[in-house]
Amino acid sequence: MEKLQLIIVFLIVVIICSLLGEIKGKNNNCQDYHPQKKNKRKKTQDFYPPKKQGEALEENTYYNSAYYKQTLYSYLDVTTDKGKYGEYLIYDCLKDYEEMGAKFLFNCYLYKDNGQTTEIDVIMIHNGEIFVFESKNYSGWIFGSEKASIWTQTLAVGRGKPAEKEHFYNPIRQNELHISCLRKILGNKIPMHSIVVFSERCTFKDLKIDSSTAQVIKRDKLYRIVEKIVQQSKGKADMYNVTNAYNMLYPYTQVSERIKQQHIENIRRDLEKQYRKTE
């Protein structure tokens, strides 16, 4: 009788441990891709590299990335700054292209005709072509059109309260300016592709895009869009163009803090002027 009781107790313990292990395993697989959230995420996103699905950004992975080696932003800087984290996620989505000879540049400050700077968030040079990414790691509702100088982000703040609105430059025009500045340095022979990348958390509302060359997408579509462009490219890989373009542009990523702060101040002042014109 005692042996039977011991067997029953042992089986109960085994069952409880098994259940606890299953629950723990489910919790580990349900982390959101953002390092500060642990909510259950939806299933595989469209053409997003599967090896990062459901995983938080690991510190060691970050410090081994080209993004860190070039920007020297700390892990804490990136995981607590929406803008920097959006740039890193673009790189993370496309970093497999590094194995095929691609090179990345981040926060590239180029000079405009008026002497002020414009900043390119992410550049990928691959297969003799240049991909220019404008990162908008925004949530909420996004309103805008290709012709409007100012776009709007609307954020709900609670029932019965007016929504918060933030205004920002037309990102399509921003990237047109970026490409124009790049051509002054690199010339007109290298094909360039403009892609504006928003977060999956936002919703496009009344977004009017007429041009076939203006790519405005959410980040979960990025891998597919880039892969489609790469596959349609008729040119063969030109490592000279890749290396030469990278070497010419890299110094523009290593500017002083004074230039960066002046750039931010110019954006704030110019955005206020542009918004007053639209009122």
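What you are looking at is a predicted structure, and each value in this text was computed from that prediction instead of being measured. (Residues numbered from 1 in each chain as written. Predicted model: local features only at pLDDT ≥ 70, side-chain atom pairs only at ≥ 80, totals over all residues. Heavy atoms only, no water.)

Caption draft 1: Here's a closer look at the layout of surface pockets. Within this model, the largest pocket holds a volume of roughly 1,200 Å³. Lining the largest pocket we find 38 residues, and of these Glu119, Asp121, Lys136, His263 and Ile267 sit closest to its centre. For the lining of the largest pocket, the secondary structure elements donating two or more residues are helix 5 (82-94), strand 1 (103-111), strand 2 (117-126), strand 3 (129-136), strand 6 (164-169), helix 6 (171-186) and helix 9 (257-278). Split into classes, the residues belonging to the lining of the largest pocket amount to 9 nonpolar, 14 polar and 15 charged. (1 Å grid on protein atoms, 1.4 Å probe; cavity = no way out; pocket = protein on both sides within 12 Å on 5 of 7 lines; lining within 4 Å. Points joined across faces, edges and corners; volume = space filled by probe spheres on them. Helix = DSSP H or I, 4+ residues; strand = E, 2+ residues; numbered from the N terminus. Nonpolar A, V, L, I, M, F, W, Y, C, P; charged D, E, K, R; others polar.)

Caption draft 2: Just helix 5, in detail. Counted at 1.5 Å a residue, the expected span for helix 5 with its 13 residues is 18 Å, and the 19 Å between its end C-alpha atoms agrees. Two or three places before Gly83, at the start of helix 5, stands the capping residue Asp81, its side-chain oxygen 2.9 Å from that residue's backbone nitrogen. (Expected span 1.5 Å × (residues − 1). Polar contact = N/O pair within 3.5 Å; in protein donor to acceptor, adjacent residues only side chain to side chain.)

Caption draft 3: The arrangement of the packing of helix 5 against helix 7 (residues 222-232) in detail. The contact between helix 5 and helix 7 brings their axes to 10 Å, and the two run at 55 degrees. With respect to each other, helix 5 and helix 7 are oriented oblique. Viewed along their axes, helix 5 and helix 7 form a crossing whose handedness is right-handed. Along the contact surface, helix 5 presents Ile90, Cys93 and Leu94, while helix 7 presents Leu222, Tyr223 and Val226. Each residue belonging to the contact of helix 5 with helix 7 can be placed in one class, and the counts come to 6 nonpolar, no polar and no charged. (Axes fitted to C-alpha atoms, helices over the stretch in contact; angles between N-to-C directions. Parallel < 35°, antiparallel > 145°, perpendicular 65-115°, else oblique. Left-handed = near helix turned anticlockwise from the far one by under 90°. Contact = heavy atoms within 4.5 Å.)

Caption draft 4: Spotlight on the sheet that holds strand 8 (residues 202-208). Taking strand neighbours across the sheet as the criterion, the 4 strands line up as 6-5-4-8 in an open arrangement whose pairing is mixed. In the strand order of this sheet, the two ends are held by strand 6 and strand 8, each with one partner. Taken over all neighbouring pairs, the strand axes of this sheet differ in orientation by 20 degrees on average, direction set aside. When strand 4 (residues 140-145) meets strand 8, the two strands line up parallel, connected through 5 bridges. What sits directly across from Gly144, in strand 8, is Leu207. (Pairing = 2+ DSSP bridges.)

Caption draft 5: Just the sheet that holds strand 1, in detail. Read from one edge of the open sheet, 5 strands run 1-2-3-7-9, paired in mixed fashion. The two strands at the open ends of the sheet, each matched to only one other strand, are strand 1 and strand 9 (215-218). Geometrically, the sheet is characterised by an average inter-axis angle of 35 degrees between neighbouring strands, direction not taken into account. Here strand 2 runs beside strand 3; their pairing, made up of 5 bridges, is antiparallel. In the sheet register, Ile125 faces strand 3, and the bridge partner there is Ile130. Docked against the sheet, helix 6 engages strand 1, strand 2, strand 3, strand 7 (192-198) and strand 9, running at close to 145 degrees with respect to strand 3.

Caption draft 6: Here's a closer look at the packing of aromatic side chains. One pass over the structure, following the stated rule, counts 23 aromatic pairs. Consider the rings of Trp151 and Phe168, whose centres lie 6.2 Å apart with planes at 65 degrees: the pair is edge-to-face. Of this pair, Trp151 sits in strand 5 (residues 150-155) while Phe168 sits in strand 6, and the two are 17 residues apart along the sequence. Given a relative accessible area of 5%, Phe168 falls into the buried group. Site record: aromatic cluster; members linked through ring pairs are Tyr62, Tyr63, Tyr67, Tyr68, Tyr73, Tyr75, Tyr88, Tyr91, Phe104 and Phe106. (Phe/Tyr/Trp six-rings, centres within 6.5 Å; stacked < 30°, edge-to-face > 60°. Buried < 20%, exposed > 50% of the residue type's maximum accessible area, 1.4 Å probe, protein only.)

Caption draft 7: Up close: the environment of Asn175. Structurally, Asn175 is set in helix 6. By relative accessible area, which is 0% here, Asn175 ends up buried. Not counting the four nearest positions on each side in its chain, Asn175 is found in contact with Val132, Phe133, Glu134, Ser194, Ile195 and Val196. At 2.9 Å, the side chain of Asn175 and the side chain of His178 are in polar contact.

Caption draft 8: Up close: the nonpolar core. Among the nonpolar cores identified, the biggest contains 29 residues, and Leu94, Met124, Phe133, Ile195, Leu222 and Val226 are the most heavily contacted of them. Element by element, the count of residues in this core is highest for helix 5, at 7 residues. Residues within four places of Val226 in sequence aside, it is in contact with Leu94, Tyr97, Met124, Phe131, Phe133 and Ile195. Counting residues in each nonpolar core, the second largest holds 18 residues, with Leu110, Ile130, Val242 and Leu249 among its members. (Core = buried A, V, L, I, M, F, W, Y, C linked by side-chain atoms within 4.5 Å.)

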